[in-house]
Amino acid sequence: MNMDHIKTKLGSRRAILGVLVAVLGTLSASVAIAIASNSSSVPQGRPAPAPETQAPNVAIVSELSILNRPATAADSLPSGIVGNPSQWLNEQRVGANASLSRLAASSPSGSIYLIPSATGVCMFDTAGTTNVCASADEVANGEAEEAILCSPTIPSGDIEIGGVLPDGTSNPTVLLSNGSIQPLEVKSNTYSADFARSGPLPTSIEWIAGGTKHTTATHVPSSASSETCTTP
Amino acid sequence: MRNMAVWLAATVSCAVALAIPAGAAAGEGHYCEELVPAYTDCANNPGHSWDYWNGVVDVNAAEYYGEGTVNVCEHAYDRGNGDTVSDRCGNGFAGSSGDLAYYFEHNIELSSHAGNNSEHPHTIYGTIVN
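As the structure is a prediction and not an experimental result, all values here were calculated from the model.

(A) How the structure looks around the overall build of chain A. Scanning chain A for helices and strands turns up four helices and twelve strands. Here the contacts in chain A between residues at least 6 apart in sequence split such that 57% fall between residues at least 24 apart. For chain A, the exposed area adds up to about 10,900 Å²; of that, 57% sits on carbon and sulfur atoms.

Right, dumping it as structure tokens:
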């Protein structure tokens, strides 16, 4: 082995080492950026998912008697929903039990189910619009509500509010941003109402229960009126 | 060279393991996780870097775990044209439901956001599933 051969061999090893260091450097930088941008760790302060409830909560049954009626075949959720993350994420968090579901309303676009959870109920619309879970207290206060500001499931020029109201409510209405009031149709404790984005937006829901007027905010931001929504 | 290759493989394995911490649900990622001012998107919260998620996702959700009822919003934009794909607000939780399915199936990158839609500062969590 002469000196030239040794130098060539050392040179090629140095070149390979250089490439490896460059690759490792790039990889480390990529991992560091990935960690800085997003985190896959489970956040501190996040409670563990509630165990699947085995029976409707006593408080929620007193508010939603539909959950206590005998089940029929129509009450069963369609297959493919339970466990599907895009549809069952919140339900899984709150211990909803699909085997206890009750069909609340049907339309050509889909069916609305009420599903008992560990502390309350979930409203699930198979059309892909309202999907809200709430405690019994929130249902009593009218806070079981979702505002859909952009979704492929509704026309891009509309927004929708959907939610649950307890038994014994009467004269449910929606207060709009221009001060006008319009009736809110409630079917088996559930409602779902669309509004033109270009018109007055719903600001609160009002109803009478026990002789008292109740109000809850819809939390629809005013920016919804100028939002540009796209549908694939 | 063989030792070098083994060392490289071990280093790469460690780096990947560090990037996916133990305890994370498969396919679930988290962002924001910070005190967010009233009516503010996590991405507009000054001084924070983990405040939105760019990439291909199946679900985006905004969550609040604390006491009381706090309204939160999730918001997903098409990174190509900036249009809103999904925007939903709810008390304690707002999820994109099936809104992102088309983009997930077609491998289209979105910018996923979460925000505080209430009148007081609260700790808001963003979650994606991919």
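Now that the structure is up, let's keep going.
(B) Summary view of the pattern of salt bridges. One pass over the full model with this rule turns up seven salt bridges over all chains. Where arginine 93 of chain A meets glutamate 28 of chain B, a salt bridge forms, and the shortest distance between an N and an O atom there is 3.9 Å. With arginine 93 of chain A in helix 3 (residues 85–93) and glutamate 28 of chain B in strand 1 (residues 28–36), the pair connects residues from two separate chains. In this pair, the class of arginine 93 of chain A matches that of glutamate 28 of chain B, namely buried. One salt bridge connects lysine 213 of chain A with glutamate 206 of chain A, and the closest N-O pair in it is separated by 3.6 Å. Under the relative-accessibility criterion, lysine 213 of chain A is labelled exposed at 54%. Residue classification places glutamate 206 of chain A among the buried positions, given a relative accessible area of 10%. Each of Arg93 of chain A together with Glu28 and Glu63 of chain B takes part in a single network of salt bridges with overlapping partners.

(C) Focus on the packing of aromatic side chains. Residue and element names in this part refer to chain B. This model, assessed by the stated rule, comprises three aromatic pairs over all chains. Plain terms: the ring middles of tyrosine 65 and tyrosine 125 are 4.5 Å apart, the flat faces sit at 45° to each other, and that makes the pair tilted. Of this pair, tyrosine 65 sits in the loop between strand 4 (59–63) and strand 5 (71–78) while tyrosine 125 sits in strand 9 (residues 122–129), and the two are 60 residues apart along the sequence. Relative to tyrosine 103, the ring of tyrosine 102 lies with its centre 5.4 Å away and its plane at 80°, an arrangement referred to as edge-to-face. The exposure class assigned to tyrosine 103 is buried, which follows from its relative accessible area of 4%.

(D) Focus on the pairing of strand 5 of chain B. Residue and element names in this part refer to chain B. Across the eight residues of strand 5, seven count as buried, placing the element largely inside the fold. Looking at chain direction, strand 5 and strand 6 (residues 84–91) are connected through seven bridges and run antiparallel. In the strand pairing of strand 6, glutamate 74 is matched with arginine 88. Hairpin connection from strand 5 to strand 6: five residues lie between these consecutive antiparallel strands, with glycine 82 at a positive phi of about 80°.

(E) Structural view of the side chain of serine 151 of chain A. Topologically, serine 151 of chain A is positioned in the loop between strand 5 (145–150) and strand 6 (158–164). Only 2.6 Å separates the side chain of serine 151 of chain A from the side chain of threonine 153 of chain A, close enough to count as a polar contact. Excluding residues within four positions of it along the chain, serine 151 of chain A makes contact with Val85, Arg88 and Asp99 of chain B.

(F) Fine view of empty space enclosed by the protein. This model, assessed by the stated rule, comprises two cavities of 30 Å³ or more. A volume near 80 Å³ is recorded for the largest cavity. Lining the largest cavity we find 13 residues, and of these Ser86 and Asn131 of chain A together with Phe93, Gly95 and Ser97 of chain B sit closest to its centre. At the level of elements, helix 3 of chain A together with strand 7 (93–95) of chain B are the ones that each hand at least two residues to the lining of the largest cavity. If one sorts the elements of the lining of the largest cavity by residue count, helix 3 of chain A sits on top with seven residues. Taken together, the residues that form the lining of the largest cavity break down as five nonpolar, six polar and two charged. Computed from the structure, the second largest cavity encloses a volume of approximately 30 Å³. In terms of lining residues, the second largest cavity is bounded by Asn90, Asn131, Val132, Cys133 and Glu146 of chain A together with Gly90, Phe93 and Ala94 of chain B. Within the residue set of the lining of the second largest cavity, elements represented by two or more residues are strand 4 (131–135) of chain A together with strand 7 of chain B. Counting residues per element, the lining of the second largest cavity draws most heavily on strand 4 of chain A, which supplies three residues. Along the lines of polarity and charge, the residues of the lining of the second largest cavity split into four nonpolar, three polar and one charged.

(G) Broad picture of the state of the cysteines. All names here are of chain A. Enumeration over the complete set of coordinates arrives at four disulfides over all chains. Between cysteine 122 and cysteine 133 runs a disulfide, and the two sulfur atoms are separated by 2.0 Å. Between cysteine 122 and cysteine 133 the sulfur-sulfur dihedral comes to about 105°; the bridge is accordingly right-handed. One end of the pair, cysteine 122, is in strand 3 (residues 120–125); the other, cysteine 133, is in strand 4, and eleven residues separate them in sequence. Accessibility assignment for this pair places cysteine 122 and cysteine 133 in one class, buried.

(H) Main features of the layout of surface pockets. When its volume is computed, the largest pocket comes out at roughly 680 Å³. Lining the largest pocket we find 27 residues, and of these Val94, Thr119 and Glu138 of chain A together with Tyr64 and Tyr65 of chain B sit closest to its centre. For the lining of the largest pocket, the secondary structure elements donating two or more residues are helix 3 and strand 4 of chain A. The dominant element in the lining of the largest pocket, judged by the number of residues it contributes, is strand 4 of chain A, at three residues. Across the lining of the largest pocket, the residue classes break down as 13 nonpolar, nine polar and five charged. Taken as a whole, the second largest pocket holds about 390 Å³ of empty space. As for the second largest pocket, its lining consists of 21 residues, and the residues nearest its centre are Ser107, Ile112, Asp125, Lys187 and Ser192 of chain A. Where the lining of the second largest pocket is concerned, the elements lending two or more residues are strand 1 (102–107), strand 2 (110–116), strand 8 (181–183) and strand 10 (190–196) of chain A.

The rules we used
Residues numbered from 1 in each chain as written. Chains lettered and ligands numbered in written order. Predicted model: local features only at pLDDT ≥ 70, side-chain atom pairs only at ≥ 80, totals over all residues. Heavy atoms only, no water. Helix = DSSP H or I, 4+ residues; strand = E, 2+ residues; numbered from the N terminus. Contact = heavy atoms within 4.5 Å. Areas by Shrake-Rupley, 256 points an atom, 1.4 Å probe, with all protein chains shown as cover. Salt bridge = Lys/Arg side-chain N within 4 Å of Asp/Glu carboxyl O. Buried < 20%, exposed > 50% of the residue type's maximum accessible area, 1.4 Å probe, protein only. Phe/Tyr/Trp six-rings, centres within 6.5 Å; stacked < 30°, edge-to-face > 60°. Pairing = 2+ DSSP bridges. Polar contact = N/O pair within 3.5 Å; in protein donor to acceptor, adjacent residues only side chain to side chain. 1 Å grid on protein atoms, 1.4 Å probe; cavity = no way out; pocket = protein on both sides within 12 Å on 5 of 7 lines; lining within 4 Å. Points joined across faces, edges and corners; volume = space filled by probe spheres on them. Nonpolar A, V, L, I, M, F, W, Y, C, P; charged D, E, K, R; others polar. Disulfide = S-S within 2.5 Å.

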